[in-house]
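# What the coordinates show
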Amino acid sequence: MKEDFLHYVWQHQYFDKKDLATADGESFQVLRTGILNTNAGPDFLGAQVKMNEVTWNGSVEIHLKSSDWYRHNHHKDPKYDQVILHMVWEHDQVVKRRDGTIIPVLEIKNRVPEALLQNYLNLTADKPTLPCAPFVSEVPHLTKLTMTDRVLLERLDEKACVIQELWQNNKADWEETAYQVILSNFGFKVNQEPFLRLSKALPYSVIRRHQHQRLQIEALLFGQAGFLEEPLSSDQYQQRLSQEFAFLRHKYSLQDSLTVSDWNFFRLRPANFPTVRLAQLASLLLGKSHLFATLVELENIKDYYNFFEGRVSDYWQEHYMFSRQNKTLKTGLGKASKDNLLINTVIPLIFAYGRYLDNQTYINKALSLLEQLKPEENHKTKQYKALNFQFLSAFDSQAYIQLYNQYCAPRKCLSCSIGHYILKNTRACQ
Ligand code: SF4
């Protein structure tokens, strides 16, 4: 058992209160549980209890054993001077505050319902699959929907925070921020980090000056990415880009360029090579002067797909690296890549903008776009699909990815509405 179960028991008061008394035999009543403290200090702040008809206000500290008070050095810490109650699973030692006064103890090992404890142990057991799997069919659909709505918003808020941090670092420039977010997602996990570095080494403000010149955009992207470093191959197109880049680098005083070794080609199919992605990116940036303004205002899902439509240059129609030709290669962005960019770039940008403006229209737009995209399939989402969780759109798959990462994998079932239902509902454990 972990202390988080005892926090849960105290927070929801799931223990037998008949003839409730402290370890010293004082009659005892909980008037207010207090608020769970996630920072340093006692576990619950602002609690109120009544002991022998006297009302006490202060903090509640919770441990598996009362001797943990000394193990954690609370007897030396002034933050614990206001503790009015020590709730423990097992009382094995009298404990005192810094001033030498004894802290009242409530032992609960014989007061927690057996079914609740058993359900908790089942849920937190180290199993390869989701621990709630045997019971989840008994959980009402509405409870599952409430949880998926909650975690989906948590996921979008986390992404919005990252975007807002970038926006602050970009001196409140949404266009530069959108450009950086798009580029980092063009790396599709494997090359996310070098693409993000590239976005900072080559500002959008420079690209925009050449928005109608494909050759210059490619020279800037491939040059700053390190693919035009000496020695060059005998490929004429590479040499031409290199000449152009030498001029542009000097003109814009570009620094901090990457090198070829920063890019990952390992285990990638040629169509996903970073060189191909850079060529696709050049097509995307061509003719677009306002990435962000366009993305937040497009009308429907078809417009968003069109936004990512773009024919790579003639050279990249037939190459996947400089001097490496393959005439049958499909070098345009596929539908799966477009969906990925919509889910991980466009929708979080629109949502972040909605949060920034406190404008529900943009938030609803982000949610509505998610509902129009196909659900993603990966080893995480498959687990929920196998348990017949609703699986209608990317709204659901994004929610399950968050549920898995933040709740199921770290076994935070006590903070999950589904786990909460199972713990409370004794039918679930039969
Ligand atoms: S966190 Fe919720 S959904 Fe995940 S395993 Fe626990 S109870 Fe099930």
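Residues numbered from 1 in each chain as written. Predicted model: local features only at pLDDT ≥ 70, side-chain atom pairs only at ≥ 80, totals over all residues.

This paragraph deals with the overall build of the protein chain. Scanning the protein chain from N- to C-terminus turns up 18 helices and eight strands. For 430 residues, the compact-globule formula gives about 22 Å, and the C-alpha radius of gyration of the protein chain, at 29 Å, lies well above that figure. Overall, the protein chain is about 90 × 50 × 40 Å in size when its C-alpha atoms are taken along their principal axes. Each of the 430 residues in the protein chain was classed as buried or not, and the buried ones make up 37%. If you take every contact in the protein chain between residues at least 6 apart in sequence, the share linking residues at least 24 apart comes to 59%. (Helix = DSSP H or I, 4+ residues; strand = E, 2+ residues; numbered from the N terminus. Rg over C-alpha atoms; globule rule 2.2 N^0.38 Å. Buried ≥ 20, exposed ≤ 12 C-beta atoms within 10 Å, placed from the backbone. Contact = placed C-beta atoms within 7 Å.)

The immediate surroundings of the ligand are formed by Leu123, Leu130, Pro131, Cys132, Leu403, Tyr407, Cys408, Lys412, Cys413, Cys416, Ile418 and Gly419. Elements represented by at least two residues in the shell around the ligand include exactly helix 17 (394-408) and helix 18 (417-424). No other element matches helix 17, which puts three residues into the shell around the ligand. Per-class residue counts for the shell around the ligand are ten nonpolar, one polar and one charged. (Near = placed C-beta within 6 Å. Nonpolar A, V, L, I, M, F, W, Y, C, P; charged D, E, K, R; others polar.)

Averaged over every residue, the pLDDT of the protein chain is 93; residues scoring 70 or more account for 99%. Taken element by element, the predicted model of the protein chain shows its lowest mean pLDDT in helix 3 (residues 114-124) (86) and its highest in helix 8 (residues 214-225) (98). (pLDDT = per-residue confidence, 0-100.)

Attention now moves to the packing of helix 14 (residues 335-357) against helix 15 (residues 360-371). Running from N to C, helix 14 and helix 15 cross one another at 160°; their axes reach a closest spacing of 7 Å. Between helix 14 and helix 15, the angle falls in the class roughly antiparallel. Of the two elements, helix 14 crosses helix 15, and the hand of that crossing is left-handed. Every residue of helix 15 that contacts helix 14 at Leu342, Ile347, Ile350, Phe351, Tyr353, Gly354 and Leu357 is listed here: Gln360, Tyr362, Ile363, Lys365, Ala366, Leu369 and Leu370. Here the residues of the contact of helix 14 with helix 15 sort into eleven nonpolar, two polar and one charged. (Axes fitted to C-alpha atoms, helices over the stretch in contact; angles between N-to-C directions. Parallel < 35°, antiparallel > 145°, perpendicular 65-115°, else oblique. Left-handed = near helix turned anticlockwise from the far one by under 90°.)

The next thing to look at is the pairing of strand 3 (residues 44-51). Across four bridges, the pairing between strand 1 (residues 28-32) and strand 3 is antiparallel. Residue pairing in the sheet places Phe28 in a bridge with Met51 of strand 3. The sheet contact formed by strand 2 (residues 35-36) and strand 3 spans two bridges and is antiparallel. Along strand 3, the bridge assignment pairs Leu36 with Phe44. Counted between consecutive antiparallel strands, the loop separating strand 3 from strand 4 (residues 54-65) contains two residues, among which Asn52 sits at a positive phi close to 45°. (Pairing = 2+ DSSP bridges.)

So, on to the domain arrangement of the protein chain. By the assigned domains, the protein chain splits into domain 1 (3-112), domain 2 (113-169 + 343-430) and domain 3 (174-333). Here the C-alpha centre of domain 2 lies 32 Å away from the C-alpha centre of domain 1. Taken together, the five residues of domain 1 in the interface contact five residues of domain 2. Class assignment of the residues belonging to the side of domain 1 that touches domain 2 gives a composition of four nonpolar, no polar and one charged. (Domains from an automatic or database assignment.)

This paragraph deals with helix 3. In an α-helix, one full turn covers 3.6 residues, which means residues spaced three or four apart are oriented alike. Of the positions making up helix 3, those classed as buried are Leu116, Asn119, Tyr120 and Leu123. On an axial view of helix 3, the arc spanned by its buried residues comes to 100°, and they lie on one face. Where helix 3 is buried, its residues contact helix 1 (3-12) and helix 18. (Arc of directions from axis to C-beta.)

How two helices sit against one another is set out by the angle between their axes and by the gap between those axes. Two elements in contact, helix 8 and helix 10 (residues 274-285), have axes separated by 9 Å at closest approach and are oriented at 140°. Taken together, the axes of helix 8 and helix 10 are oblique relative to one another. As for how helix 8 packs across helix 10, the hand of that crossing is right-handed. Of the residues in helix 10, those touching helix 8 at Arg214, Ile217, Glu218, Leu221, Phe222 and Ala225 are Leu278, Leu281, Ala282 and Leu285.

What follows concerns the environment of Val54. Structurally, the position occupied by Val54 is in strand 4. When the C-alpha atoms of Val54 and Pro231 are compared, they prove to be 84 Å apart, with 177 residues separating the residues in sequence.

What follows is about the nonpolar core. Grouped together as the largest cluster of nonpolar side chains are 108 residues, with contacts concentrated most on Ala178, Leu221, Ile347, Leu349, Ile350 and Ala366. Considering every element that reaches this core, the biggest residue donor is helix 14, with ten residues. Excluding residues that lie within four positions of it along the chain, Leu349 makes contacts with Ile163, Ala178, Val181, Phe292 and Leu295. (Core = buried A, V, L, I, M, F, W, Y, C linked by C-beta atoms within 7 Å.)

Further remarks concern the environment of Gln82. Within the secondary structure layout, Gln82 lies in the loop between helix 2 (68-71) and strand 5 (83-90). Along the chain, Gln82 and Ser417 lie 335 residues apart, while their C-alpha atoms are 32 Å from each other. Excluding its chain neighbours within four sequence positions, the residues that come into contact with Gln82 are Gly58 and Ser59.

Its twelve residues give helix 15 an end-to-end C-alpha distance of 16 Å, which sits within 8% of 16 Å, the value for a rise of 1.5 Å per residue. Next to the buried residues of helix 15 lie helix 4 (141-169), helix 11 (291-297), helix 12 (301-307), helix 14 and helix 17. (Expected span 1.5 Å × (residues − 1).)

Following the sequence through the fold, Val95 ends up in the loop between strand 5 and strand 6 (105-107). Apart from residues no more than four positions distant in its own chain, Val95 is found in contact with Ser66, Trp69, Tyr70, His75, His86 and Ile103.

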